[in-house]
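# Descriptive structure summary
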Amino acid sequence: MTRKPTPHEVLDCVIIGAGIAGLSAALELESNNMKVAILEKGRGLGGRMATRRMNGAILDHGAQFFTAKEDFLTAKIHEMLKESAVTEWHKNPHGVMRYRGHPGMTSVAKYYARSLDIRKQHLVTKLSWHDNQWHVLCENGQILVARNLLSTAPMPQSLAMIKHSRLVMDPEQLQELEHVHYSPTIALLILLKSPSSMKPPGILQIDEDSILQTITDNQVKGISDLPALTIHSSHSFAEKNLEDMNESTGAALIDAALEYVQFEPQEWKLHRWRYAQCVRPHQRQCVQLADHRFWLAGDSFGNTRLEQAG
């Protein structure tokens, strides 16, 4: 296990965000003998690699699978296959293998996080640079000090944190970062009274629907003993309903899904993914803020390798 630093110890790097990008960065830095801590505002980790239980059922309610398009990720997948953290699911129409977490997608994040120092429920409220070090203040009152800082949070969240901290940025760089744009989705999680009519592999991706994006049967997928569906809305539907999700929101998604799959709901819950997919990423793979040892990275940059939440 990684040794946790003492309260007054200066870290080599503080990473904001315990999604896959933040976890991967921490592993890489620690492999180079750097002392790292990850701050995560939520109670879980993995970002959109999310799995939850619902009265005995297990549902992936964010990303449903991922693929390997780069050599480094292929090697990591082979490692996780041996450790039973992931399993092959099915091939897409182009013959590319889709992998899922075992049993659920959050297993991937837990595998990455095994040896890392992760501080959950640590919402960063202010950043300050003095004495040639970063001082990171959290909502719970804790302060971490580090020589370097990396944020892998969605760009709107990173920029809000930077502006609240009154950090000076290059105007041209700021304009480029503000151009990054995400689209939302709404996830509907449904526990069923009986198995649905979904056939293997257990997922329908719907390209031309004003309401729906995907329907996944978690039982057919192989992660849940009980029948349960995960339905992701289209981005356009989410943009109209994200701030006012209610019973009619769920009913509209159910009615739309019944056009494709037969099922009988027992109970359901809604989940908001405000930053489901980065549809307009920054062209670079990462960015360093001018005159600071502060980097921004994650799915706001370049090509996202893991499937989005939906």
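Before going further, it helps to examine a negative patch on the surface. Among the surface-exposed residues, Asp-170, Glu-172, Glu-176 and Asp-291 lie close enough to one another that they form a single negatively charged patch. With respect to the element layout, Glu-172 can be found in helix 5 (residues 171-178). Taking the relative accessible area as the measure of exposure, Glu-172 reaches 55% and is therefore exposed.

Let's shift gears to the environment of Arg-274. Looking at the secondary structure, you find Arg-274 in strand 15 (residues 265-280). Each C-alpha atom of the pair Arg-274 and Ile-186 lies 8.2 Å from the other, and the pair is 88 residues apart in sequence. There is a polar contact of 2.6 Å between the side chain of Arg-274 and the side chain of Glu-243.

In this section: the pattern of salt bridges. Evaluated as defined, the whole model comprises 9 salt bridges. Linking Arg-48 and Asp-299 is a salt bridge whose minimum nitrogen-to-oxygen distance equals 2.2 Å. Taken as a pair, Arg-48 in the loop between strand 2 (36-40) and strand 3 (51-54) and Asp-299 in the segment after strand 17 (294-296) lie far apart in primary sequence, 251 residues in all. On the basis of relative accessibility, which here comes to 16%, the residue Arg-48 falls in the buried class.

Take the environment of Ile-38 next. Its location among the elements puts Ile-38 in strand 2. Ile-38 has contacts with Ile-15, Gly-17, Ala-18, Gly-22, Leu-23, Ala-26, Leu-116, Asp-117, Ile-118 and Arg-119, leaving out every residue within four places of it along the chain.

Reading the values: rules and limits
- Residues numbered from 1 in each chain as written.
- Predicted model: local features only at pLDDT ≥ 70, side-chain atom pairs only at ≥ 80, totals over all residues.
- Heavy atoms only, no water.
- Patch = residues over 30% accessible without salt bridge, like charges linked within 9 Å, V, L, I, M, F, W, Y side chains within 5 Å.
- Areas by Shrake-Rupley, 256 points an atom, 1.4 Å probe, with all protein chains shown as cover.
- Salt bridge = Lys/Arg side-chain N within 4 Å of Asp/Glu carboxyl O.
- Lys, Arg positive; Asp, Glu negative; His and termini not counted.
- Charge placed at Lys NZ, Arg CZ, Asp CG, Glu CD.
- Helix = DSSP H or I, 4+ residues; strand = E, 2+ residues; numbered from the N terminus.
- Buried < 20%, exposed > 50% of the residue type's maximum accessible area, 1.4 Å probe, protein only.
- Polar contact = N/O pair within 3.5 Å; in protein donor to acceptor, adjacent residues only side chain to side chain.
- Contact = heavy atoms within 4.5 Å.

Don't take any of this as a statement about function, it's just geometry.
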